[in-house]
Amino acid sequence: MSKAKGLETYKKYWEGQASFMDQSPWNQQKILKLTLTNDFEKNIQELGFSNHSLAREGGKLTLRLKVPYNYSELDDFEEKAIELLDIDKNYLIDMSLTNSNCTKDLTKAK
């Protein structure tokens, strides 16, 4: 059996962590912004990322994802996100947490 990976794994993990809470698992004010090399493009469909969560900025791929409501309380949240998304660190150029100005659910697959 192959290892689960990508957007669905990311979503299920954080939703599972928040399942005992009576609220959405997602922080509405922050997003995780990953800047990736163009070589990553071949993995987009396999990992389930939607066109809404992906963009090209300055010739690089940018992936934006919702973060769990308690991301700031988690040790190594960024490391866990990369692991769950199954993104090879060789593809990663930059990673940051930025303010969200979007009301769409960036965790939806195509």
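Each remark here, short or long, concerns the structure printed above.
Described below are features of the structure shown in this document. All of these numbers come straight from a predicted model, not from anything done at the bench. (Residues numbered from 1 in each chain as written. Predicted model: local features only at pLDDT ≥ 70, side-chain atom pairs only at ≥ 80, totals over all residues. Heavy atoms only, no water.)

**Section: the overall build of the chain**
Scanning the chain from terminus to terminus reveals 3 helices and 4 strands. Its helices and strands taken in sequence order, the chain reads α-β-α-β-β-α-β from the N to the C terminus. Counting across all 110 residues of the chain, residues that qualify as buried make up 37%. Long-range pairs, those at least 24 residues apart, make up 79% of the contacts in the chain with a sequence separation of at least 6. Here the chain displays about 6,700 Å² of accessible surface, and carbon together with sulfur accounts for 44% of that area. (Helix = DSSP H or I, 4+ residues; strand = E, 2+ residues; numbered from the N terminus. Buried < 20%, exposed > 50% of the residue type's maximum accessible area, 1.4 Å probe, protein only. Contact = heavy atoms within 4.5 Å. Areas by Shrake-Rupley, 256 points an atom, 1.4 Å probe, with all protein chains shown as cover.)

**Brief notes about the environment of Leu-85**
On the secondary structure map, Leu-85 appears in helix H3 (residues 77-85). A relative accessible area of 0% places Leu-85 in the buried class. When the C-alpha atoms of Leu-85 and Thr-9 are compared, they prove to be 6.9 Å apart, with 76 residues separating the residues in sequence. Here Leu-85 is in contact with Gly-6, Leu-7, Tyr-10, Leu-34, Leu-47, Phe-49 and Leu-65, once residues within four sequence places are set aside.

**Quick word on the sheet that holds strand E3 (residues 60-68)**
The strand order across the open sheet built from 4 strands is E2-E3-E1-E4, with neighbouring strands paired in antiparallel fashion. The open sheet has two edge strands, strand E2 (54-57) and strand E4 (92-99), and neither has a second partner. Shown here is a sheet whose adjacent strand axes are inclined to one another by a mean of 30°, direction ignored. Here helix H1 (residues 7-17) sits on the sheet and contacts strand E1 (26-36) and E3; the angle it forms with E3, its principal contact strand, is near 20°. (Pairing = 2+ DSSP bridges. Axes fitted to C-alpha atoms, helices over the stretch in contact; angles between N-to-C directions.)

**Digging into the nonpolar core**
Tyr-10, Phe-40, Phe-49 and Ile-87 are the most contacted members of the largest nonpolar core, which has 24 residues in total. Contributing elements (two or more residues each) for this core: H1, E1, helix H2 (44-47), E3 and H3. Examining the composition of this core, we find that 5 residues originate from one element, H3, more than from any other. Every residue in contact with Ile-87, bar those within four places of it in the chain, is listed here: Leu-34, Leu-36, Phe-40, Phe-49, Leu-63 and Ile-82. (Core = buried A, V, L, I, M, F, W, Y, C linked by side-chain atoms within 4.5 Å.)

**Side note on the packing of aromatic side chains**
With the rule as written, the count across this model stands at 7 aromatic pairs. Site record: aromatic cluster; members linked through ring pairs are Tyr-10, Tyr-13, Trp-14, Trp-26, Tyr-71 and Phe-77. (Phe/Tyr/Trp six-rings, centres within 6.5 Å; stacked < 30°, edge-to-face > 60°.)

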